[in-house]
Amino acid sequence: MSPQPRSAVGAPLSRVDGRLKVTGKALYAAEHANDGTVHAVIVDASVGRGRITSLDTRDAEAHPGVLRVIHHRNAPELPYRDNAGSNNPPGRRLRVFQDDRVRFHGQPVAVVIATTLEAAQHGARLVEVGYDAERPSTDLHEATPGTPTAYARGDAEAGLRDAAVRLDLTYRTARNHHNPMEPHATIARWDGGRLTVWDKTQWVVGTQTELAAVFGLEMDAVRVISPFVGGGFGSALRCWPHVVVAALAARETKRPVKLVLSRKQMYLGTGFRPSYEYRLRLGSDRRGRLAAAVHEMDAETSSYETFTEAVLAAGQMLYSMPHVRQAYRTVPLDLPTPLYMRGPGFQTASFVIESAMDELADRLGVDPIELRRRNEPSEDESNGLPFSTRRLRECYTTGAREFGWHRRARRPRSRREGDWLIGMGMAAGVYDTARMPAQARARLEADGTASVEAAATDMGPGTYTSQTQVAADALGLTMRTVTFRLGDSLFPPTPPHGGSMTMASVGSAVLDACDKLRRQAVRLAVEDEQSPLYDVPADDVVVRNGRLHVRGNPARGETYQRLLARNNRTRLEADGSFAPPSGPERHSFYGYNATFAEVAVDATLGLVRVRRMLGVYDAGRIISPKLADSQAIGGMVGGIGTALLEHTVTDHRDGRIVNAGLADYLVPVNADVPGLEAIYLNGEDPEADPLGVKGLGELVMIGVAPAIANAVFNATGRRVRELPITAEALL
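The text that follows walks through the structure, step by step, so that each part is easy to find.

## What to know about the packing of aromatic side chains
- Taken as a whole and judged by the stated rule, the model has 15 aromatic pairs.
- Between Y28 and F228, the ring centres sit 5.9 Å apart and the planes meet at 50°, which makes this aromatic pair tilted. Of this pair, Y28 sits in the loop between α1 (18-22) and β1 (38-44) while F228 is found in the loop between β11 (222-225) and α6 (241-253), placing the two residues 200 residues apart along the sequence.
- Given the relative accessible area of 21%, Y28 is considered partly exposed.
- With centroids separated by 5.5 Å and ring planes inclined at 80°, the aromatic side chains of Y171 and F351 adopt a geometry described as edge-to-face. In this pair, Y171 is assigned in strand β8 (residues 165-173) and F351 in helix α9 (residues 346-364), connecting sequence segments 180 residues apart.

Below you can see the structure in the form of structure tokens.
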């Protein structure tokens, strides 16, 4: 069939849900109305490890408005089956209210349900809990690591011994919290044996599966609804204990229950980027050709679950070298479980690898971009596969030209403007192109409008808009005549809204459904003797603005409305799907970037100010340039936070997070954000998926922190190998 004309894909369109958001009509998890809703507030453990020895709930239960107080002594035993497809790891999950153990500071130990939020809050303060407290283990550098995950090719130790130039560097990164604007919230309602949950989640199907497992239900007895998510950055990728608490409270009280976490509680039980200690030994010849690298890293996890992320991949394939050895060890601590945070794994690895590459370039007297060019691989050396596309050299060239890299001072600390030392730095970035099976459903109505449904979510990147663009072009309709619906487990299943996989996975399923639907209509027309398109080869028919016509002869055709009315059809429907090819991959799939930063450092005070940044991206086809710019700017802002501000502080005596709130945990504000610019290389990746996209949301943050750190070195002559970069480190 002839290719459809495109007018929506690639156009810088405004968000279709923008008006709902700015007028307050977009409903988030805590805003859905249910008659008779009561409120729940969690009581958090005040020790970091130990056992609960006493629980006095009498004053709380006597408080006006309080309906129930649930805790491990009166909570029913829950089955906690291990369901395939759950977004929680099997076996060692935190089983809320199922025993007297305290595994981390802030763990839920009770929940108070009351008729008003104020009564529930006060009731929670009246619950008295006694503990047999133990000193928690919360320091990554003092705990015992587990068995490492290892990778090796060649003989890294021999390669290092033979290398003419060797570096032995240790980096430390702070724990970071996600801090989305919308707090995590859940409303749960039971109707007999059926559970409906309105939840802040990035994966409605995963939350549905987990709740079915916890309460021993069939999948179709649980419905999860999440039409709008006010930021997530990975924190809503799993079903956290508070979701189970809300559902349990609703079942026990036989009332709809609303549970909203406080900002402080967001630091206690919705994940975080773990801190790392990462040692990198790097060897090269005197021209900078890399010979060997040894990566040894320790990362936080909880004592009851093992969390890992893709921190190894970049060190295996970003640069060419014959000898690589890696050891990735998780360190069990008395903390809540970490979770993926924007650019997971690759973000941490990029800071280490790209900082080390800059240090090697300085040692050799080679331009940092030239050093990277000299080590470009011709294939993915971790598996021998060809890259589907890899345009990193073009990212370097474009970025250097547009940023004015030639103005960078070759000698550190040699460019000054008054009290400010000026420096420029750059870094490469890489993130894997993830794709997972997804489904979608499309309907064409008799009035010529269409709707498309998929159980995806939208935490901010613009899923409503980008999927509508794909559907509109595939159906030959305008944007205003297509409605995309998401965020409901009743819709066709989709993978998690994370890992930059939504456009590739869900978008490809939407494309498939809408292509099938358009072909149905074309087939109906060319087989209808009363149609102007009767007996025209189907491959010669295209659709534009809801009108089917012969390619090259727009006068010969008819609208969807006339076609369906004449054939007495109220609608046409089609289901679409996407899955990556089965069997071994034939290509290595990644997106790439080059990030450039210019900083000013106060020579007396050590304060760092980012003055401007540029990101150049090899991310395949860009469906919506306006949405892509929003992603890129957000990623750069997040990278500024990681580089200069964000640091979760723990009191190791009791495991308490000292700065659990936006007053003390610093994130970038408008005054910290300079001129930010993004450039996207034209092209697509036809091997990755039918849309040719690679994913952008994670990639745009990777490389930002090392680009800033390298710029700080260029400005000051001082290497900082610990994030965030503080004034104290530069004085």
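## Section: the sheet that holds strand β12 (residues 257-260)
- Taken together, seven strands build an open sheet; the order of strands is β3-β5-β1-β12-β9-β10-β11 and the sheet is mixed. Either end of the sheet is taken by a strand with one partner, and the two such strands are β3 (66-71) and β11. Each strand of the sheet is rotated relative to its neighbour by a mean of 20°, with strand direction disregarded.
- The strands that helix α3 (residues 117-126) touches are β1, β3 and β5 (108-114); relative to β1, the one it contacts most, it runs at about 20°.
- Against the sheet, helix α5 (residues 204-215) engages β9 (185-191), β10 (194-199) and β11, with an angle of about 145° to β11.

## Focus on the pairing of strand β13 (residues 276-284)
- Extensive coverage of β13 is indicated by the burial of seven of its nine residues.
- Bridging between β8 and β13 involves nine bridges; their strand directions are antiparallel. Following the sheet pairing, T173 is matched in β13 by Y276.
- One ladder, built from nine bridges, connects β13 with strand β14 (residues 290-302); its direction is antiparallel. By the bridge assignment for β14, Y278 is matched with M297.
- A loop of five residues connects β13 with β14, the two strands running antiparallel in sequence, and G288 in this loop sits at a positive phi of about 90°.

The rules behind these values
- Residues numbered from 1 in each chain as written.
- Predicted model: local features only at pLDDT ≥ 70, side-chain atom pairs only at ≥ 80, totals over all residues.
- Heavy atoms only, no water.
- Phe/Tyr/Trp six-rings, centres within 6.5 Å; stacked < 30°, edge-to-face > 60°.
- Helix = DSSP H or I, 4+ residues; strand = E, 2+ residues; numbered from the N terminus.
- Buried < 20%, exposed > 50% of the residue type's maximum accessible area, 1.4 Å probe, protein only.
- Pairing = 2+ DSSP bridges.
- Axes fitted to C-alpha atoms, helices over the stretch in contact; angles between N-to-C directions.
- Contact = heavy atoms within 4.5 Å.

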